[in-house]
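Here's the letter readout for the chains.
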Amino acid sequence: MVSDFYNKTLRLEKYTLGETDRSAAAAETWTATPGNLRCCLQPLNGRELQQYNKTTAEVTHLAFFDADQAIAARDRLVDGADVYEIVTVYDASGRSHHKEGLCLKRFDNGAA
């Protein structure tokens, strides 16, 4: 099982877009979900970085999750002071075996 390779227990923060204010700017917020998320989080190597960054927005890490996890793009994985924004999530096998997420490691509490 893919869960045998999970190397992290992280906090998942769900993305929400708030109400717009007078300037028509909406507030972005991330809300921590109850419990912890078990996953495998790996930095991408040079060849993988080149491959993914040609076809996707900038990414630095690949995460593996159980197929039943409700995870979406713009959600965040938090590992202590490290924050990883999920750029895209997909069914890696096409058979709901597990999900993979391409992530961008952020610095300064979410600033790239």
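**Q** What am I meant to see in the packing of aromatic side chains here?
**A** Any pair of aromatic rings gets described here by the distance separating the centres and the angle formed by the planes. Under the definition given, this model contains 1 aromatic pair. Taking NZ or CZ as reference, Arg74 lies 4.3 Å from the ring centre of Tyr15, over its face. Against the face of Trp30 rests Arg76, its NZ or CZ located 3.6 Å from the ring centre.

**Q** How do you make sense of the pattern of salt bridges when you look at a structure like this?
**A** Should their charged atoms come close, side chains of opposite charge can pair. This model, assessed by the stated rule, comprises 7 salt bridges. A salt bridge links Arg74 to Glu85, with the nearest nitrogen and oxygen atoms 3.5 Å apart. Separated by 11 residues along the polypeptide, Arg74 in the loop between β4 (61-66) and β5 (76-79) and Glu85 in strand β6 (residues 82-91) bring together distant segments of the chain. Take Arg74: its relative accessible area is 33%, and that puts it in the partly exposed class. The network of salt bridges with common partners includes Glu28, Arg74, Glu85 and Arg106.

**Q** Before we go on, may I ask you to explain the confidence of the model for the chain in this structure?
**A** The predicted structure's coordinates, where accompanied by low pLDDT, should not be read in detail. Averaged over every residue, the pLDDT of the chain is 83; residues scoring 70 or more account for 84%. Within the chain, no element has a lower average pLDDT than helix α1 (residues 46-55), which sits at 69, and none a higher one than β5, at 94.

**Q** Where do I start with the nonpolar core in this structure?
**A** As a rule of thumb, nonpolar side chains are buried together in soluble globular proteins. Ranked by size, the top nonpolar core spans 12 residues in total: Leu10, Leu12, Leu37, Cys39, Leu41, Ala63, Phe65, Ile71, Leu77, Tyr84, Ile86 and Cys103. Listed by contribution, the elements that provide at least two residues to this core are β1 (8-20), β3 (37-43), β4 and β6. For this core, the element with the most residues is β3, which contributes 3 residues. Beyond its immediate sequence surroundings of up to four residues, Leu77 is in contact with Leu10, Arg11, Leu12, Leu37, Ala63, Phe65, Asp82, Val83, Tyr84, Ile86 and Cys103. Grouped together as the second largest cluster of nonpolar side chains are 7 residues, Tyr6, Cys40, Leu44 and Phe64 included.

Conventions and cut-offs
- Residues numbered from 1 in each chain as written.
- Predicted model: local features only at pLDDT ≥ 70, side-chain atom pairs only at ≥ 80, totals over all residues.
- Heavy atoms only, no water.
- Phe/Tyr/Trp six-rings, centres within 6.5 Å; stacked < 30°, edge-to-face > 60°.
- Lys NZ or Arg CZ within 6 Å of the ring centre and 35° of its normal.
- Salt bridge = Lys/Arg side-chain N within 4 Å of Asp/Glu carboxyl O.
- Helix = DSSP H or I, 4+ residues; strand = E, 2+ residues; numbered from the N terminus.
- Buried < 20%, exposed > 50% of the residue type's maximum accessible area, 1.4 Å probe, protein only.
- pLDDT = per-residue confidence, 0-100.
- Core = buried A, V, L, I, M, F, W, Y, C linked by side-chain atoms within 4.5 Å.
- Contact = heavy atoms within 4.5 Å.

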